Amino acid sequence: MALVEIKNLRKNFGALEVLKGVSLDINKGEIVTIIGKSGSGKSTLLRCINALETINEGEIRIGGKRMATDMPDLREMRQKVGIVFQAFNLFPHMNIERNVTLAPVLTGKISKKETRTLALDVLSRVGLADKVDAYPEQLSGGQQQRVAIARCLAMSPQLMLFDEVTSALDPELVGEVLKVMEDMARQGMTMVLVTHEMGFARNVATKLVFMHQGRVWEQGTPKDLFENPQTPELRSFIGAAA
């Protein structure tokens, strides 16, 4: 059984149908990269996986359990599915240790006495253990995004979702964030990424999904899709991104 099962997912915003029957399986340990033009439904799909959006039709299951905004244990399920956005969303009045450990403390995963150990552990995984006492304003954009990733790791998720996490960064900062994600991939984290970073999609992903007009247009290995696209839409997209 796949870790994530998405079946015939439909999502409307008023009269606009954004997702038009999306079906996709994600296995444990896979690195799934979703590519496509703006407006193709990529980010909406991620938000539906984490139940940040109410779906109109279809079903999402994570670990065999239905994921939906109306489920009674939604908060517990969301702890298993971390999501990192373009915006860092760090609390400016809290130091990095508190930013990273606030959610584990509030949810009872750890006690306040354990925060330092946890913060140093997850920050070391993103190369920022030396910033544990710093404040967000003292960090670069790339460092803040790496803290946002560490904050998700602190909840020990089964699955991590990344929504264009490098798009708000200056070009010279993109590499440091991508390196952290590559390290996570090597450590076996199941990841779903919406990205325009074609090099990452080609070299790190285990599955590539091309979305177009609210549908999964093509999916397969990065090698197959980059070297032998089956549709003119994907050929055009790859050509424009080259």
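Scroll up a little and you will see the structure.
All values reported here derive from a predicted model rather than from experimental measurement.

Calculation rules
Residues numbered from 1 in each chain as written. Predicted model: local features only at pLDDT ≥ 70, side-chain atom pairs only at ≥ 80, totals over all residues. Heavy atoms only, no water. 1 Å grid on protein atoms, 1.4 Å probe; cavity = no way out; pocket = protein on both sides within 12 Å on 5 of 7 lines; lining within 4 Å. Points joined across faces, edges and corners; volume = space filled by probe spheres on them. Helix = DSSP H or I, 4+ residues; strand = E, 2+ residues; numbered from the N terminus. Nonpolar A, V, L, I, M, F, W, Y, C, P; charged D, E, K, R; others polar. Buried < 20%, exposed > 50% of the residue type's maximum accessible area, 1.4 Å probe, protein only. Pairing = 2+ DSSP bridges.

Asks: Provide a residue-level description of empty space enclosed by the protein, including the pertinent values.
Replies: Summed over all chains, the structure comprises one cavity of 30 Å³ or more. Approximately 40 Å³ is the volume found for the largest cavity. Phe162, Glu164, Val165, Thr166, Leu178, Met181, Leu193, Val194, Thr195 and Phe200 are the residues that line the largest cavity. Only helix 6 (171-186) and strand 8 (190-194) provide two or more residues apiece to the lining of the largest cavity. Of the residues assigned to the lining of the largest cavity, the class counts are seven nonpolar, two polar and one charged.

Asks: Could you give an account of unusual backbone geometry, naming the residues involved and the relevant values?
Replies: At Ala51, a residue that is not glycine, the phi angle is positive and equals roughly 60 degrees. Tracing the backbone through its elements, the reader meets Ala51 in the loop between helix 1 (42-49) and strand 4 (57-62). When its relative accessible area of 2% is taken as the criterion, Ala51 is described as buried. Of note, Ser156 is a non-glycine position whose phi angle comes to about 50 degrees, a positive value.

Asks: Could you give me a rundown of the pairing of strand 4, with the residues and numbers involved?
Replies: One ladder, built from five bridges, connects strand 1 (residues 4-13) with strand 4; its direction is antiparallel. The residue bridging Val4 from the neighbouring strand is Ile62, located in strand 4. Pairing analysis gives two bridges linking strand 4 to strand 5 (residues 65-66), with the strands arranged antiparallel. Note on strand 5: the bridge partner recorded for Arg61 is Arg66. Hairpin connection, strand 4 to strand 5: the antiparallel pair is bridged by two residues, and Gly63 has positive phi, about 60 degrees.

Asks: Let's hear about helix 1: which residues, and what values?
Replies: Most of helix 1 is tucked away, with six of its eight residues classed as buried. Trailing helix 1 by a residue or two, Ala51 shows a phi angle of about 60 degrees, which is positive.

Asks: Break down the layout of surface pockets for me, with residues and values.
Replies: With a probe scaled to a water molecule rolled over the atoms, the places where space remains empty come into view. Here the largest pocket is characterised by a volume of approximately 630 Å³. Lining the largest pocket are 25 residues, and of these Ile83, Ala103, Arg151, Cys152 and Met155 sit closest to its centre. Every element with two or more residues in the lining of the largest pocket is listed here: helix 2 (74-78), strand 6 (81-84), helix 3 (96-106) and helix 5 (141-153). A per-class count over the lining of the largest pocket returns 15 nonpolar, seven polar and three charged.

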